[in-house]
Amino acid sequence: MTATTTAPTAAPSVRTEKRPSDRLRAWATRAPLLPALIFMIAVTQLPFVATLVISFFDWNSLYPDARSFTGFANYSEVLTDADLRRSVWTTVLLTVAVVLASLILGLVLALLLDRKFKGRGVVRTLLIAPFLVVPVAAALLWKHVLYNPEYGLFNGLLQYVGGPQPDWISNTPLLAVEAALVWQWTPFMMLILLAGLQSRDQQQIEAARVDGASDWQIFRHLTLPHLRRYLELGALLGSIYIVQNFDAVFTITSGGLGTANLPYTVYQSFYQAHENGLASAAGVLVVIGSIIIATFALRVVSSLFREEVSRA
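Residues numbered from 1 in each chain as written. Predicted model: local features only at pLDDT ≥ 70, side-chain atom pairs only at ≥ 80, totals over all residues. Heavy atoms only, no water.

- Under an unreviewed UniProt entry, the name given to the protein is Sugar ABC transporter permease, and the organism recorded is Streptomyces cupreus.
- Quoted straight from UniProt, the Sequence similarities (unreviewed entry) entry for the protein says "Belongs to the binding-protein-dependent transport system permease family."
- The protein has a UniProt comment under Subcellular location (unreviewed entry) that states "Cell membrane". (UniProt positions renumbered as here; feature names shortened; annotations may be inferred.)

Considering the UniProt feature "transmembrane region" (unreviewed entry) in the protein
Part 1 of the argument: Here the UniProt-annotated "transmembrane region" (unreviewed entry) positions come out as residues 33-57, 88-113, 125-142, 174-197, 230-257 and 277-301.
Part 2 of the argument: Summarising residues 88-113: 100% helix, 0% strand, and an end-to-end C-alpha distance of 37 Å.
Part 3 of the argument: Annotation note: span residues 125-142, helix share 89%, strand share 0%, distance between end C-alpha atoms 21 Å. (Helix = DSSP H or I, 4+ residues; strand = E, 2+ residues; numbered from the N terminus.)

Re the nonpolar core
Part 1 of the argument: Within the largest apolar cluster, 35 residues are counted, with the highest numbers of intra-cluster contacts made by Leu-94, Val-98, Ala-110, Val-177, Leu-181, Ile-242 and Ile-252.
Part 2 of the argument: Mapped by element, the contributors of at least two residues to this core are helix H4 (82-113), helix H6 (135-146), helix H9 (173-198), helix H12 (228-243) and helix H13 (247-253).
Part 3 of the argument: Tallying contributions element by element places H9 first for this core, with 13 residues.
Part 4 of the argument: If we skip the residues at most four places from it in the chain, Ile-242 touches Leu-94, Thr-95, Val-98, Val-99, Leu-181 and Trp-185. (Core = buried A, V, L, I, M, F, W, Y, C linked by side-chain atoms within 4.5 Å. Buried < 20%, exposed > 50% of the residue type's maximum accessible area, 1.4 Å probe, protein only. Contact = heavy atoms within 4.5 Å.)

Comments concerning the pattern of salt bridges
Part 1 of the argument: In this structure the tally under the stated criterion is four salt bridges.
Part 2 of the argument: With a closest N to O distance of 2.8 Å, Asp-215 and Arg-209 form a salt bridge.
Part 3 of the argument: The salt bridge partner of Glu-232 is Arg-229, with a shortest N-O separation of 3.7 Å. Of this pair, Glu-232 and Arg-229 both sit in helix H12, three residues apart, which is roughly one turn of the helix.
Part 4 of the argument: Overall, the relative accessible area of 28% leaves Glu-232 in the partly exposed class.
Part 5 of the argument: Here Arg-229 falls in the partly exposed class, since its relative accessible area comes to 24%.
Part 6 of the argument: Via salt bridges that share partners, Arg-228, Arg-229 and Glu-232 belong to a single interconnected network. (Salt bridge = Lys/Arg side-chain N within 4 Å of Asp/Glu carboxyl O.)

Side note on the UniProt feature "domain: ABC transmembrane type-1" (unreviewed entry) in the protein
Part 1 of the argument: Within this structure's numbering, the places UniProt gives as "domain: ABC transmembrane type-1" (unreviewed entry) are residues 88-297.
Part 2 of the argument: In residues 88-297, the share of helix is 79% and the share of strand is 0%. The end C-alpha atoms are 21 Å apart.

Quick look at the confidence of the model for the protein
Part 1 of the argument: Looking at the protein, the pLDDT average stands at 81 and 91% of residues meet or exceed 70.
Part 2 of the argument: Counting interchain partners and residues more than four positions distant, the pLDDT-below-50 stretch residues 1-7 has zero contacts. (pLDDT = per-residue confidence, 0-100.)

Overview of unusual backbone geometry
Part 1 of the argument: If you check the backbone angles, Ser-254 has positive phi at about 55° while not being a glycine.
Part 2 of the argument: Within the fold, Ser-254 resides in the loop between H13 and helix H14 (262-272).
Part 3 of the argument: Of note, Leu-257 is a non-glycine position whose phi angle comes to about 60°, a positive value.
Part 4 of the argument: Checked against the element boundaries, Leu-257 lands in the loop between H13 and H14.
Part 5 of the argument: Exposure remark for Leu-257: the relative accessible area of 55% places this residue in the exposed category.

Description of the packing of H4 against H9
Part 1 of the argument: Across the interface, H4 lies against H9 with an axial gap of 6 Å and an inter-helix angle of 45°. One element, H4, and the other, H9, form an angle in the oblique class. For the element pair H4 and H9, the recorded crossing hand is right-handed.
Part 2 of the argument: Residues belonging to the contact of H4 with H9 are distributed by class as follows: 22 nonpolar, four polar and one charged. (Axes fitted to C-alpha atoms, helices over the stretch in contact; angles between N-to-C directions. Parallel < 35°, antiparallel > 145°, perpendicular 65-115°, else oblique. Left-handed = near helix turned anticlockwise from the far one by under 90°. Nonpolar A, V, L, I, M, F, W, Y, C, P; charged D, E, K, R; others polar.)

Some details on H9
Part 1 of the argument: For H9, spanning 26 residues, the distance from its first C-alpha to its last is 38 Å, which sits close to the expected 38 Å at 1.5 Å a residue.
Part 2 of the argument: The principal kink in H9, of about 35°, is found at Trp-185, preceding the proline Pro-187 by one to four residues.
Part 3 of the argument: Among the 26 residues that make up H9, 19 are buried, leaving the element largely enclosed by the rest of the structure. (Expected span 1.5 Å × (residues − 1). Bend = angle between axes of the 7 residues up to and from the residue.)

Looking at the packing of helix H10 (residues 202-210) against helix H11 (residues 215-226)
Part 1 of the argument: Contact geometry for H10 and H11: axes closest at 10 Å, N-to-C directions at 135°. Judged by the inter-axis angle, H10 sits oblique to H11. Every pair of crossing elements has a handedness; the one defined by H10 and H11 is right-handed. The residues of H11 that touch H10, namely those facing Gln-204, Ile-205, Ala-208 and Arg-209, are Asp-215, Ile-218 and Leu-222.
Part 2 of the argument: Classifying every residue of the contact of H10 with H11 by side-chain character gives four nonpolar, one polar and two charged.

Structure (structure tokens):
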């Protein structure tokens with residue numbers, strides 16, 4: 001007698017289809033967002049597409065009938081022109097100096113504000129104030145109230161102690177722009193790092209103190225590794241802004257004395273030389289650089305969110 005075995009038959013695959021009511025409900029949920037999406041596309045993407053198209057043309061607005069398609073010639077000129085390369089190098093120096101200085105000062109201020117003392121709320125509000133000032137107004141404040149060689153505050157203090165009377169903008173132009181930007185961006189870094197300090201595991205710190213760890217050892221082995229993501233986030237977000245900064249350079253030095261960064265060079269090419277194609281190519285390169293930095297910033301933000309969720 002032989003036993004026959006029958007293989008189990010596979011269950012028929014059930015194909016689920018969305019009912020018309022589900023589709024209508026989904027569209028009804030998304031419909032309020034469509035005007036905002038259309039507005040964002042019209043305001044941001046269409047101008048960028050127009051700029052991208054213009055960047056492939058030799059187009060001087062003084063001779064509108066003489067424009068011609070040149071391909072990547074404008075990009076090649078942007079990358080090989082000596083003045084443009086100098087402006088790129090100035091942009092790199094300005095960005096690195098401002099971001100590093102504001103991060104270090106922001107970390108020091110965040111460590112001070114992380115301690116409890118009387119009037120901490122008032123001090124925190126006063127330290128945040130520079131970041132709330134309009135960028136052009138802040139640049140004008142530094143140019144006329146602080147840097148002016150005749151009635152500026154810096155020379156007034158030096159005159160009071162019998163010191164020299166330097167012309168700050170003429171003698172140290174790039175440093176003058178960097179100082180104004182550091183003053184404005186240090187509060188932003190301070191807020192990010194202060195949020196990181198307040199999210200530390202206090203039980204771990206108390207355990208380290210019980211084991212005899214000093215304040216420096218706690219900062220080096222516990223606080224600094226915890227703040228690494230916040231430091232990266234502050235550096236990336238600060239770099240996105242400083243790379244595109246135009247207000248301080250235009251207001252304080254008008255791009256002279258070797259302070260012309262890439263955004264100011266784009267302004268000169270477009271409004272003074274009327275080279276629409278060349279200015280558009282330089283602008284596209286600035287946007288590409290900003291997108292690359294923003295991509296890293298978004299990755300850091302997402303990793304911070306994942307860490308907070310896992311900790312909760």
